[in-house]
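# Architecture and fold: a report
Read off the chains here:
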Amino acid sequence: MIPFSPPRIDEKTIQAVTDALRSGWITTGPRTKEFEKRLAAYCGVQRVIALNSWTNAAELALRWYGIGPGDEVIVPAYTYCATANIVKHVGAKPVLVDVLDDFTINPEAVRQAMNPRTKAIIPVDIGGLPARVAEIVKVAEDSCAWFSPAVNLRVGGSNPQMRLGRALVLSDAAHSFGARIGGKSIGPQADITGFSFHAVKNLTTAEGGALAFQLPAPFDTEEVYRWFNTMSLHGQNKDALAKTKPGAWRYDVEAPGWKCNMTDIQAAIGLVELDRYDSETLPRRKAICERYHAGFAQEAALDRPLLKDAHREGSYHLYMLRVAKATEEQRDAIIAAISAREVSVNVHFIPLPLLSHYRNTGYRMEDYPNAYKHYSREISLPVYYDLSDEQVDTVIAAVKEAVHAVMG
Ligand SMILES: Cc1ncc(COP(=O)(O)O)c(C=O)c1O
């Protein structure tokens, strides 16, 4: 069986974890801080904080921006549930909008959904292809004229909604670490960019995530970083490492925070992954996607995913193939036929309005026709570092046979 997306674990990873375990320091410490610095340098952003998942990191960003009941956050209908769940966690309302043919959020639909209750927009770089973040930032900036900040908000001594004066652009870059816009690494384009380092992601720490900050003046990013650092540790003004200094046991709690810090064991894996990301991981993933592209080039029944265009290059996280004229039932039958050929595939993603909770709380699939169209035809193929060319060819053959068997 060809698996879908196993992580790359080799002797280097095992050695790095062993070193962390033997170092005597296994929770947040020097390796996490080093990982944050290296991530910030890689992305070219002001600051990065590494936390325990995209979900908890991005949720903390919504809390930092003071988003809560009565507020709205715009998210695409076509994404993983985490993007919208975090909006629910803080008591705000996810406002869903449709996607473009490349699966990314439609900036025009975002513009139409904006209103004085809109506090944030979360574009998603689905499959690793960057969303049109510059256009989304423009939409957010155009909201300056009528944006209505919460006046009584105080976060770490300031009111971030007053400071930014518009909807926050929080990019869901869970899939797209290492993707590029205009030749530059993603990160600096949005106010805050969130990465996931979950086990199936291009760069993994087993579980983990990070926020990259690129906030406009007059934000003090160091002050913002301190808030996230403190609030990821119960609002405690000293972390575990600081408390180990002789005599430094006393601490205070400034506000009831959360608990979502990254451990040094996770960071140890991340540092190995980052070291070889550009030299090994991305080139191999790109070569696999290009081999799929060539293998399906003559297949009129298949729509190949956009891997790059004049402005963007994806991170080659997912190869999101579509069967052009398939119904949802035909797509499902094709997946069954591929699986019978010992190849694991997946579907990214079931649009939110098809999930019980979202359907039962009033979201209707008919309102997002493009999301449904693309979902119903989509099949994600295996992409991972250890997948060999021969295995890619096996996948290509299995897909072609399955498609011809079902579609004729
Ligand atoms: C688009 C998207 N956003 C967010 C997440 C959540 O990431 P994490 O598992 O690190 O919380 C995922 C995870 O798969 C995802 O696919």
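Keep in mind the model is a prediction, meaning the values are calculated, not measured. (Residues numbered from 1 in each chain as written. Predicted model: local features only at pLDDT ≥ 70, side-chain atom pairs only at ≥ 80, totals over all residues.)

## Examining the overall build of the protein chain
A count of helical and extended segments in the protein chain gives 15 helices and 13 strands. In terms of overall size, the protein chain behaves like a compact globule, its C-alpha atoms giving a radius of gyration of 22 Å where 408 residues would be expected to give roughly 22 Å. Summarising the internal contacts of the protein chain: among those between residues at least 6 apart in sequence, 71% fall at separations of at least 24. (Helix = DSSP H or I, 4+ residues; strand = E, 2+ residues; numbered from the N terminus. Rg over C-alpha atoms; globule rule 2.2 N^0.38 Å. Contact = placed C-beta atoms within 7 Å.)

## Concerning the site of the ligand
Near the ligand you find 14 residues, and of these S53, W54, T55, A174 and S196 are the closest. Of all the elements in the fold, those that place two or more residues in the shell around the ligand are helix 3 (54-64) and helix 4 (81-89). (Near = placed C-beta within 6 Å.)

## Describing helix 2 (residues 30-43)
The end-to-end C-alpha distance of helix 2, which contains 14 residues, comes to 20 Å, matching closely the 20 Å that a straight helix rising 1.5 Å per residue would cover. For helix 2, the complete set of buried residues consists of R31, T32, F35, E36, L39, A40 and C43. In this fold, the buried residues of helix 2 make contact with helix 1 (11-22), strand 1 (47-51), strand 7 (184-185), strand 9 (209-213) and helix 10 (264-275). Within two residues after helix 2, G44 carries a phi angle of roughly 70°, on the positive side. (Expected span 1.5 Å × (residues − 1). Buried ≥ 20, exposed ≤ 12 C-beta atoms within 10 Å, placed from the backbone.)

## Let's talk about the sheet that holds strand 3 (residues 93-97)
Taken together, the 7 strands give an open sheet; going across it, the order is 1-9-8-5-4-2-3, and neighbouring strands pair in mixed fashion. What marks the edges here is a single partner per strand, and that holds for strand 1 and strand 3. Each adjacent strand pair in this sheet contributes to an overall mean axis angle of 25°, direction not counted. Bridge count between strand 2 (residues 72-76) and strand 4 (residues 118-121): 3 bridges; the pairing is parallel. The residue of strand 4 that forms the bridge with E72 is T118. (Pairing = 2+ DSSP bridges. Axes fitted to C-alpha atoms, helices over the stretch in contact; angles between N-to-C directions.)

## As for the pairing of strand 12 (residues 319-323)
Where burial is concerned, most of strand 12 is hidden: 5 out of the 5 residues are buried. The alternating pattern of strand 12 places Y319, L321 and V323 on one face and M320 and R322 on the opposite face, and all of these are buried. Bridging between strand 10 (residues 302-303) and strand 12 involves 2 bridges; their strand directions are antiparallel. Across the sheet, the residue bridging to L302 is V323, located in strand 12. By the bridge criterion, 4 bridges tie strand 12 to strand 13 (residues 378-381) in an arrangement that is antiparallel. Residue pairing in the sheet places M320 in a bridge with S380 of strand 13.

## Details of the nonpolar core
Generally speaking, nonpolar side chains in soluble globular proteins are found buried as a group. Counting residues in each nonpolar core, the largest one holds 116 residues, and the members touching the most others are V48, A120, A210 and L211. Beyond its immediate sequence surroundings of up to four residues, A210 is in contact with L39, V48, I49, A50, L51, A57 and F195. (Core = buried A, V, L, I, M, F, W, Y, C linked by C-beta atoms within 7 Å.)

## Section: the packing of helix 2 against helix 10
Two numbers describe how helix 2 lies on helix 10: the axes approach to 8 Å, and their chain directions differ by 35°. Of the two elements, helix 2 crosses helix 10, and the hand of that crossing is left-handed. On helix 10, the residues touching P30, R31, T32, E34, F35, R38 and Y42 of helix 2 are D264, A267, A268, G270, L271 and L274. Taken together, the residues that form the contact of helix 2 with helix 10 break down as 7 nonpolar, 2 polar and 4 charged. (Left-handed = near helix turned anticlockwise from the far one by under 90°. Nonpolar A, V, L, I, M, F, W, Y, C, P; charged D, E, K, R; others polar.)

## Thoughts on the sheet that holds strand 7
One open sheet accounts for 3 strands, arranged 7-6-11; its pairing is antiparallel. Looking at the sheet topology across the chains shown, the edges are occupied by strand 7 and strand 11 (312-313). Here strand 6 (residues 180-181) runs beside strand 11; their pairing, made up of 2 bridges, is antiparallel. Paired with I181 across the two strands is R312, which belongs to strand 11.

## Let's talk about the domain arrangement of the protein chain
Per the domain assignment, the segments making up the protein chain are domain 1 (11-274) and domain 2 (277-407). Using only C-alpha atoms to locate each centre, domain 1 and domain 2 end up separated by 27 Å. Taken together, the 27 residues of domain 1 in the interface contact 28 residues of domain 2. At the level of elements, helix 4, strand 6 and helix 10 are the ones that each hand at least two residues to the side of domain 1 that touches domain 2. For the side of domain 1 that touches domain 2, the residue count by class is 15 nonpolar, 8 polar and 4 charged. (Domains from an automatic or database assignment.)

## Description of unusual backbone geometry
Excluding glycine, most residues fall at negative phi; most peptide bonds, likewise, are trans. A cis amide bond, omega 5°, links A217 with the succeeding residue P218. Tracing the backbone through its elements, the reader meets P218 in the loop between strand 9 and helix 8 (221-231). In the segment running from H348 into F349, the intervening peptide bond is cis, with an omega of -5°. In this structure, A206 is a non-glycine residue whose phi angle is positive, near 80°. Along the polypeptide, A206 turns up in the loop between strand 8 (192-196) and strand 9.

## As for the environment of Y225
Here Y225 is to be found in helix 8. Between the C-alpha atom of Y225 and that of V383, which follows or precedes it by 158 residues, the distance is 34 Å. When near neighbours in sequence (up to four residues on either side) are disregarded, Y225 contacts R47, I49 and F213.

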